[in-house]
Amino acid sequence: MRLLVLGDSRSFHIERYLVELRKQHCEVLVASIEAVKIDYYQLRWRGPIRKLHYLLAVRELRELIEKFEPDVVDAHYASGYGHMAAAALKNSAIPLVVQLWGSDILVVPHKSFLHKRKVVKALREADAVVADSQFLLDEARKFASIKKTLVEPFGIERRYMDFHKNSYTFSSPLKIIVPRPHEKVYNNAFILEALGPLLKTRQLTLTFPNFGSLAIEFKWSIKNAGHPGINFYEKMDRESFMRFMSEHDVYLSAALSDSSPASLIEAMALGLIPVAAKIPGIEEWTKDSGALTFDINDAKGLQDTISAIASSKDKKMQMRKRNLDRVMARGMFENNVAARINLMKQLIADS
């Protein structure tokens, strides 16, 4: 099967997706407007207005499709590549799969009428839509009718299950990782505010990524507050990061918007205690005591939750066992990709 994958080539999700597709015997070409060092075809930038790049690349994409002759076009992110692919495939019999990435349904359509129209066109024209949670798919259906669907997360590769924690004994101080970049939607500044008192009494350490558009501002706030026990990590290869994450006790996310985040699934697989803000997109993983949750922006609630973990002798063995079983059943990346491949094969057979 020949696949033309459209997506942001800077995304590590796209990179590992490409690797797994090829492992499962697909011939794949990745086309992207963004440039980075992976195996991809770069669509040319045109003009200084970034929002027009997708629209202006339609003709070049159409020429690429004619030259590569894919069996399926697999577009990631509805409002950008999904809309561009829908325009390029007009009057074509080649099936289009649009894979939703959360913000393109939960955030982008609400920016303007034009943004919404692009999302609607992508959803309507797609032969199939893939979402990483039922919640995200239900939200997409509010904008347009959808022909065929698949709900499948982007989980963790089976080989990284070897990094599952050998000991469930909590560190002292408690080691917490917040593996979300410094962006407004991930609400990292709130975590710092809520857990400041516990940092000062050295009950825990917090480890954040050293990247994101708000990283410099975030580090200034730490310097001004004088908090001890805060660490940063640079970008690293996936295996190194999985090993690094497994060395922590708690996974923490205060995201304001999300849909089945891969980092949450990874934390569950590695045996960390997940702590997350209550938002609809993650309930499929946090329900039935899959995680400890707190109300968004309830600083006292988050502080009490973390303090209880740090002072408790309860290793939460049942939670960890349930989460491991849940990931093995639904969150194995190889199986997640195989399900997408099977969907595409069905589309080819039906076309």
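Here is what the cut-offs are and how they apply
Residues numbered from 1 in each chain as written. Predicted model: local features only at pLDDT ≥ 70, side-chain atom pairs only at ≥ 80, totals over all residues. Heavy atoms only, no water. Pairing = 2+ DSSP bridges. Helix = DSSP H or I, 4+ residues; strand = E, 2+ residues; numbered from the N terminus. Axes fitted to C-alpha atoms, helices over the stretch in contact; angles between N-to-C directions. Contact = heavy atoms within 4.5 Å. Salt bridge = Lys/Arg side-chain N within 4 Å of Asp/Glu carboxyl O. Buried < 20%, exposed > 50% of the residue type's maximum accessible area, 1.4 Å probe, protein only. 1 Å grid on protein atoms, 1.4 Å probe; cavity = no way out; pocket = protein on both sides within 12 Å on 5 of 7 lines; lining within 4 Å. Points joined across faces, edges and corners; volume = space filled by probe spheres on them. Nonpolar A, V, L, I, M, F, W, Y, C, P; charged D, E, K, R; others polar.

Here six strands make up an open sheet; going across it, the order is S10-S9-S8-S11-S12-S13 and the pairing parallel. Because the sheet does not close on itself, it has two edges, and the strands there are strand S10 (230-233) and strand S13 (292-294). Averaged over neighbouring strand pairs, the angle between their axes works out to 25° when direction is ignored. Bridge count between strand S11 (residues 250-253) and strand S12 (residues 273-277): four bridges; the pairing is parallel. Note that in S12 the partner of Tyr251 across the bridge is Pro274. Along the sheet face, helix H8 (residues 188-200) touches strand S9 (204-209), S10, S11 and S13 and points at about 160° away from the line of S9.

It is possible for side chains of opposite charge to pair when their charged atoms get near one another. Applying the stated criterion to the full structure yields 14 salt bridges. The shortest N-O distance in the salt bridge between Arg59 and Glu63 comes to 3.7 Å. One end of the pair is Arg59 and the other is Glu63, both in helix H3 (residues 58-68) and four residues apart, which spans about a single turn. On the basis of relative accessible area, Glu63 is assigned to the partly exposed category, the value being 42%. In this structure, Glu266 engages Arg238 in a salt bridge whose closest nitrogen and oxygen atoms are separated by 2.8 Å. Note that Glu266 is positioned in helix H11 (residues 262-270) and Arg238 in helix H10 (residues 238-246), a separation of 28 residues in sequence. An identical accessibility class is assigned to Glu266 and Arg238; each is buried. Through salt bridges that share partners, Arg16, Glu157, Arg238 and Glu266 make up one connected network.

On to unusual backbone geometry. A cis amide bond links Ser172 with the next residue in sequence, Pro173, at an omega value of 5°. Turning to its location among the elements, Pro173 is positioned in the loop between strand S7 (149-151) and strand S8 (174-177). For His25, which is not a glycine, the phi torsion comes out positive at approximately 70°. With respect to the secondary-structure elements, His25 resides in the loop between helix H1 (12-23) and strand S2 (27-32). Residue His25 is classed as exposed on the basis of its relative accessible area of 72%. Residue Asn91 is not a glycine yet carries a positive backbone phi of 70°. Of note, Asn91 is situated in the loop between helix H4 (77-88) and strand S5 (96-99).

Moving on, we get to empty space enclosed by the protein. With the rule as written, the count across this model stands at one cavity of 30 Å³ or more. Arg180, Tyr251, Ser253, Ala254, Ala255, Asp258, Pro261, Leu264, Ala276, Ala277, Ile279 and Ile282 are the residues that line the largest cavity. Elements with a contribution of two residues or more to the lining of the largest cavity: S11 and S12. Of the residues contributing to the lining of the largest cavity, the split by class is nine nonpolar, one polar and two charged.

Here we take up the layout of surface pockets. Of the volumes computed, that of the second largest pocket is approximately 170 Å³. For the second largest pocket, the full set of lining residues is His182, Glu183, Lys184, Asn187, Asn188, Ala189, Leu192, Leu214, Glu217, Phe218 and Ser221. Put simply, the parts of the chain that give the lining of the second largest pocket at least two residues each are H8 and helix H9 (215-225). Looking at the lining of the second largest pocket residue by residue, the classes come out as four nonpolar, four polar and three charged.

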